Amino acid sequence: MPLKQLSLFVENKPGQLTHPCRVLAEAGINIVTLCLADTQQFGILRLIVREWQRAAQLLEGAGCVVNVSDVLAVEVADRPGGMAALLAALDDAAVNIEYTYAFTCARAGAALLIVRVEDVAGAQRILQQRGFSLVDELTPP
């Protein structure tokens, strides 16, 4: 099952990352993982949170521009070659990866790779056929 990811546009200047993080903190919403990509003028903050609908509503109410998209969270071995195996499975099926980010998880020897692709259902099917475990809910450590 895909996860919902929140993407926010933030200006690339001091203090802009604090605002959305503070909004979520004050509401008691924990950020499970995030990624920030930037250009000279702005950045895209990508967040995975447990209460994504509530978080999106609060952030929009606080003036943030929020986009919700489906991503896959795929468990890979936390060792050299773990990510390469997953990428090879998607390459073999000609699935284009738009972006990805990873983090280690509480389970020893495992990492989670967040993957954004155009055809989420197709990529999910391919990865499951290849024996990869997909995670449909992330819990904070």
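Residues numbered from 1 in each chain as written. Predicted model: local features only at pLDDT ≥ 70, side-chain atom pairs only at ≥ 80, totals over all residues. Heavy atoms only, no water.

Caption draft 1: Broad picture of the packing of helix H1 (residues 18-26) against helix H2 (residues 52-61). Running from N to C, H1 and H2 cross one another at 125°; their axes reach a closest spacing of 10 Å. With respect to their mutual orientation, H1 and H2 come out oblique. Crossing geometry of H1 relative to H2 is assigned as right-handed. Residues Pro20, Val23 and Leu24 of H1 form the contact with H2, whose own contacting residues are Ala55, Leu58 and Leu59. Taken together, the residues of the contact of H1 with H2 sort by class into six nonpolar, no polar and no charged. (Axes fitted to C-alpha atoms, helices over the stretch in contact; angles between N-to-C directions. Helix = DSSP H or I, 4+ residues; strand = E, 2+ residues; numbered from the N terminus. Parallel < 35°, antiparallel > 145°, perpendicular 65-115°, else oblique. Left-handed = near helix turned anticlockwise from the far one by under 90°. Contact = heavy atoms within 4.5 Å. Nonpolar A, V, L, I, M, F, W, Y, C, P; charged D, E, K, R; others polar.)

Caption draft 2: View of helix H4 (residues 120-129). Buried residues of H4: Val120, Gly122, Ala123, Gln124, Ile126 and Leu127, and no others. Where the residues of H4 are buried, they touch strand E4 (66-77), helix H3 (82-92), strand E6 (110-117) and strand E7 (133-135). (Buried < 20%, exposed > 50% of the residue type's maximum accessible area, 1.4 Å probe, protein only.)

Caption draft 3: Examining the pairing of strand E3 (residues 42-49) more closely. Taking burial as the measure, the eight residues of E3 include seven buried ones, the bulk of the element. Sheet topology places strand E1 (residues 3-11) next to E3; six bridges connect them, and they run antiparallel. Bridging across to E3, Phe9 finds its partner in Ile44. By the bridge criterion, seven bridges tie strand E2 (residues 31-38) to E3 in an arrangement that is antiparallel. Of the residues in E3, the one forming a bridge with Ala37 is Ile44. With antiparallel pairing between neighbouring strands as the criterion, E2 and E3 make up a hairpin whose turn holds three residues. (Pairing = 2+ DSSP bridges.)

Caption draft 4: Structural detail: unusual backbone geometry. Positioned with a positive phi, Ala94 is a non-glycine residue whose angle comes to about 60°. You can see Ala94 is positioned in the loop between H3 and strand E5 (97-104).

Caption draft 5: Region of the structure containing the environment of Cys64. Looking at the secondary structure, you find Cys64 in the loop between H2 and E4. Taking the relative accessible area as the measure of exposure, Cys64 reaches 13% and is therefore buried. Each C-alpha atom of the pair Cys64 and His19 lies 8.9 Å from the other, and the pair is 45 residues apart in sequence. Excluding anything up to four places from it in sequence, Cys64 contacts Leu8, His19, Pro20 and Leu59.

Caption draft 6: Summary view of the nonpolar core. Counting residues in each nonpolar core, the largest one holds 17 residues, and the members touching the most others are Leu72, Val74, Leu86, Leu90, Leu127 and Phe132. Of all elements in the fold, only E4, H3, E6 and H4 reach the threshold of two or more residues within this core. Filtering out sequence-adjacent residues up to four positions away, Leu90 remains in contact with Val95, Ile97, Val115, Ala123 and Leu127. Of all hydrophobic cores here, the second largest spans 13 residues; its members include Leu6, Leu8, Ala55 and Cys64. (Core = buried A, V, L, I, M, F, W, Y, C linked by side-chain atoms within 4.5 Å.)

Caption draft 7: Here's a closer look at the pattern of salt bridges. Evaluation of the coordinates by the stated rule reveals five salt bridges. The partner of Glu11 in a salt bridge is Lys13, and the shortest N-O contact between them spans 3.8 Å. As a salt-bridge pair, Asp92 and Arg130 come within 2.9 Å of each other at their nearest N and O atoms. Of the two residues, Asp92 is situated in helix H3 and Arg130 in the loop between H4 and E7; the sequence distance between them amounts to 38 residues. (Salt bridge = Lys/Arg side-chain N within 4 Å of Asp/Glu carboxyl O.)

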